[in-house]
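# Per-entry structural report
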Amino acid sequence: IRYIGVTGVQTCAIPILAGAYPLTRPRRLRQAPFVRDLVRETRLSAGNLVQPLFVAEGDLAGPITSMPGCDRLTLEALCETAQRLQTLGVPAIALFPVIPQGRKSDRGEEALNPEGLVPRAIAAVKQAAPQLGVIVDIALDPYTTHGHDGLLDAEGYVDNDATVEVLRKQALLYARSGADMVAPSDMMDGRVGEIRRVLERDGLHRTLILSYAAKYASAFYGPFRDAVGSSANLGKAGKQTYQMDPANTDEALREVALDLDEGADIVMVKPGLPYLDIIRRVKDRFGVPVAAYQVSGEYSMMQAAIARDMLDERGVLMEALTCLHRAGSDIIFTYYAERAARWLRESQA
Ligand code: PBG
């Protein structure tokens, strides 16, 4: 066998062998499980997954209509879930609070309540499942009556710098309450740097920052907004003045570069599956830990088809997660984390 040249575009040269077929038969590598196992390039494990969880109190707890199979958990159910996840080898959860309307305000003050739901939930999880990493969202939308991630100025525009002031206090409070990782999901300019500085000043050198760096203004967040009760408040208003235009890709690299510069430890691309090209570009360009968020709309879309027997749950889910991992995300936020971890364990047994 001798090489006679290369084919393909320059970035991906494939050697061609003289007289390829039948000397070369790609199917040889696919003929049986043993060889498919040996040559598999991407291996998903429970260790790659983060389980987002909604926490609520009183009447607000219960099933989420827009996300069949997901619940708003009481603190007690949250702790039980945390223990199961820890046993299954899922390394971390991401907490999302459901705040009663009566505690929301136009300035979202409840976000800074030291006795609020998030500080209490962090403490409860830490007690129940000490090894599990706790990631908390930094943004104001669960707390504001208008459903935006930040504060509005007199014209109703989301005021960047005033919002960052509150976000840094929110991040400090949750970090002091024991969160391992704070995850600003608001897309304000300069918030990662401000949060890093306030954490450093407080001696919280080990608190990680996972920044939602390339977060798009996506229609796929609809079911989540129902889950936390922000969609009615947000009404027809969109988040396009702060979240990114789905048509853009260079802008994502710029956002990621800025957040890394400001001290982000992990960067996220969100949503997941429709944005695989962004994940790949970020991974190739920066070589840092990348997270992807398989968001509520991706989840509900699959659940809807599965419920009607149009798709096989395990098949589509494992494929979608593998593809997110293959595209370059080390970490995947998915509402399916617990189910996927169980399936992964079964397939290894
Ligand atoms: C809020 C936030 C959102 C999600 C995570 N954090 C919604 C939004 O930006 O409107 C979406 C998660 C999902 O859809 O699963 N800052």
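The structure under discussion appears in the preceding block.
Every chain begins its residue count from 1, and numbering advances along the sequence as written. Two thresholds apply to this predicted model, a pLDDT of at least 70 for residue-level local features and 80 or more for giving and counting side-chain atom pairs, whereas whole-chain, interface and lining totals are computed over all residues. To get the side-chain values, all heavy atoms of the structure are used, and hydrogens and water are removed first.

Glancing now at a positive patch on the surface. A cluster of like positive charges, contributed by R25, R27, R28 and R30, occupies part of the molecular surface. Its place among the elements puts R25 in the loop between α1 (20–23) and α2 (33–39). Patch construction takes residues with relative accessible area above 30% that form no salt bridge. Like charges are linked within 9 Å, and nonpolar side chains (Val, Leu, Ile, Met, Phe, Trp, Tyr) are linked within 5 Å. The Shrake-Rupley method, run with a 1.4 Å probe, gives the accessible areas here. Residue values count only the displayed protein chains as cover. The working definition used for a salt bridge is a side-chain nitrogen of Lys or Arg within 4 Å of a carboxyl oxygen of Asp or Glu. This count recognises Lys and Arg as positive and Asp and Glu as negative, with His and chain-terminal groups excluded. Throughout, a charge is located at the NZ atom of Lys, the CZ atom of Arg, the CG atom of Asp or the CD atom of Glu. Only DSSP runs of H or I reaching four residues or more are called helices, and only runs of E reaching two or more are called strands; each is numbered from the N terminus.

Here the focus is helix α12 (residues 313–326). Each residue after the first adds 1.5 Å to the expected span of a helix. Between its first and last C-alpha atoms α12 spans 20 Å; for 14 residues at 1.5 Å apiece the expected length is 20 Å, and the two agree. The rule is simple: take the accessible area with a 1.4 Å probe, protein chains only, and divide by the maximum for that residue type; under 20% is buried, over 50% is exposed, in between is partly exposed. Among the residues of α12, L317, M318, A320, L321, C323, L324 and H325 are the ones counted as buried. The contact criterion used throughout is that any non-hydrogen atoms of two residues lie within 4.5 Å. Buried positions along α12 lie against β3 (49–55), α10 (276–286), β11 (290–294), α11 (296–307), β12 (331–334) and α13 (337–348). Two residues or fewer past α12, G328 is found with a positive phi of approximately 125 degrees.

When the centres of two rings from Phe, Tyr and Trp lie within 6.5 Å, Trp using its six-membered ring, the rings pair. Their planes under 30 degrees apart give stacked, over 60 give edge-to-face, and anything left gives tilted. Inspection of every chain in the model, using the stated rule, returns 10 aromatic pairs. Look at Y212 and Y293: their rings are 6.3 Å apart centre to centre, the planes differ by 45 degrees, and that puts the pair in the tilted class. Of this pair, Y212 sits in strand β9 (residues 208–215) while Y293 sits in strand β11, and the two are 81 residues apart along the sequence. Owing to a relative accessible area of 1%, Y212 belongs among the buried residues under this scheme. With a centroid separation of 5.3 Å and an interplanar angle of 35 degrees, the aromatic rings of Y293 and F333 are classed as tilted. Of the two residues, Y293 is situated in strand β11 and F333 in strand β12; the sequence distance between them amounts to 40 residues. When sorted by exposure, Y293 lands in the same class as F333, which is buried. By the ring-pair criterion, three or more aromatic residues cluster together here, those being F54, F96, Y212, F224, Y293, Y299, F333, Y335 and Y336. Whether a charge sits over a ring comes down to the Lys NZ or Arg CZ being within 6 Å of the ring centre and within 35 degrees of the ring normal. The ring of Y221 has K215 lying over it, and the distance from NZ or CZ to the ring centre is 5.4 Å. The ring of Y221 has K270 lying over it, and the distance from NZ or CZ to the ring centre is 4.5 Å.

Time to look at the pairing of β3. With seven of seven residues buried, β3 lies mostly within the body of the structure. Here β3 shows a buried face lined by L49, Q51, L53 and V55 and a second buried face lined by V50, P52 and F54. Pairs of strands are assigned from DSSP output, requiring at least two bridges between the strands. Bridge analysis of β3 against β12 gives two bridges, and the strand direction is parallel. Bridge pairing in β12 links L49 to I332. In the sheet, β3 pairs with strand β6 (residues 92–97) via six bridges, with the strands oriented parallel. Note on β6: the bridge partner recorded for L53 is L95. Pairing of β3 with strand β5 (residues 71–73) involves two bridges; the strand directions are parallel. Bridge pairing links F54 to R72 in β5.

A cluster of nonpolar side chains, namely L29, F34, L38 and V39, defines an oily patch on the protein surface of about 430 Å² accessible area. Relative to the helices and strands, L38 is located in helix α2. In this structure L38 comes out as exposed when scored by relative accessible area, which is 66%.

Our next topic: the pattern of salt bridges. Under the criterion given, the structure shown has 20 salt bridges. Among the ionic pairs, R168 bridges to E165, the shortest N-O distance being 2.7 Å. Placement of both R168 and E165 in helix α5 (residues 160–176) is noted, with a separation of three residues, approximately one turn of the helix. With relative accessibility at 17%, the residue R168 sits in the buried group. On the basis of relative accessibility, which here comes to 38%, the residue E165 falls in the partly exposed class. R176 serves as the salt-bridge partner of D202, at 2.6 Å between the closest nitrogen and oxygen. Here D202 is found in the loop between α6 (191–201) and β9, whereas its partner R176 is found in helix α5, with 26 residues between them in sequence. By relative accessible area, which is 31% here, D202 ends up partly exposed. Its relative accessible area of 54% is what places R176 among the exposed residues. A network of salt bridges, in which partner residues are shared, links R84, E338 and R342.

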